[in-house]
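Per-entry structural report
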Amino acid sequence: MDIFRMICLALSQGLILGLLAGLLRQQWRHRKNPDFHYTPKQLEQGRKRWKTGSKILTYTTFGMLMLGFIWCLYFLVLALVDPGQAEYANNLSEMIVGLLTIISIGFAFYEFLRQGHQKESE
């Protein structure tokens, strides 16, 4: 458990440092050249990348949701067939639902950002 805790701490620190570095880089770029603008070609490439990412994330998310549905159904049947394992099945089903909730929130956030980029570029 200590190793898992250290991994989570390292990932959290990496995320925070990455976000700060990105913010500083963005600020430095705009201070260096305040009239910086992306070319239409760069904007179109960015839109294509967001659209491709959206397609990949859509299929991945719905695939994960379907797998979660299948396994939750399995654990429901397991709990009905073997009442001695009902608590185990319930705990695993709750874990799957929690994970799928996080995945769905991440997908919704990505789509929200994509919609914002589409409105910005118009």
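This write-up is about the structure you can find in this document.

1. Description of the pattern of salt bridges
Overall, the coordinates contain 2 salt bridges when judged by the stated rule. Here arginine 47 ties to glutamate 44 by a salt bridge, and the two come within 2.7 Å at their closest N and O atoms. On the criterion of helical spacing, the pair formed by arginine 47 and glutamate 44 is a turn pair, its members being 3 residues apart in helix 2 (residues 40–81). A residue is classified by how much of its surface remains accessible, and arginine 47, at 31% relative accessible area, is partly exposed.

2. Brief notes about the nonpolar core
Counting 7 residues, the largest nonpolar core is built from Cys72, Phe75, Leu78, Ala89, Leu92, Ile96 and Leu100. Those elements that place two or more of their residues in this core are helix 2 and helix 3 (86–121). No other element matches the 4 residues that helix 3 contributes to this core. Among all residues touching leucine 100, those that are not within four sequence positions of it are Met64, Leu65 and Gly68.

3. Let's talk about a nonpolar patch on the surface
On the surface, a nonpolar cluster with roughly 1,200 Å² of combined accessible area is contributed by Met64, Met66, Leu67, Phe69, Ile70, Trp71, Leu73, Tyr74, Leu76, Val77, Leu80 and Val81. Topologically, leucine 76 is positioned in helix 2. A relative accessible area of 47% means that leucine 76 is categorised as partly exposed.

Rules behind the numbers
- Residues numbered from 1 in each chain as written.
- Predicted model: local features only at pLDDT ≥ 70, side-chain atom pairs only at ≥ 80, totals over all residues.
- Heavy atoms only, no water.
- Salt bridge = Lys/Arg side-chain N within 4 Å of Asp/Glu carboxyl O.
- Helix = DSSP H or I, 4+ residues; strand = E, 2+ residues; numbered from the N terminus.
- Buried < 20%, exposed > 50% of the residue type's maximum accessible area, 1.4 Å probe, protein only.
- Core = buried A, V, L, I, M, F, W, Y, C linked by side-chain atoms within 4.5 Å.
- Contact = heavy atoms within 4.5 Å.
- Patch = residues over 30% accessible without salt bridge, like charges linked within 9 Å, V, L, I, M, F, W, Y side chains within 5 Å.
- Areas by Shrake-Rupley, 256 points an atom, 1.4 Å probe, with all protein chains shown as cover.

Read these as geometric descriptors, not functional statements.
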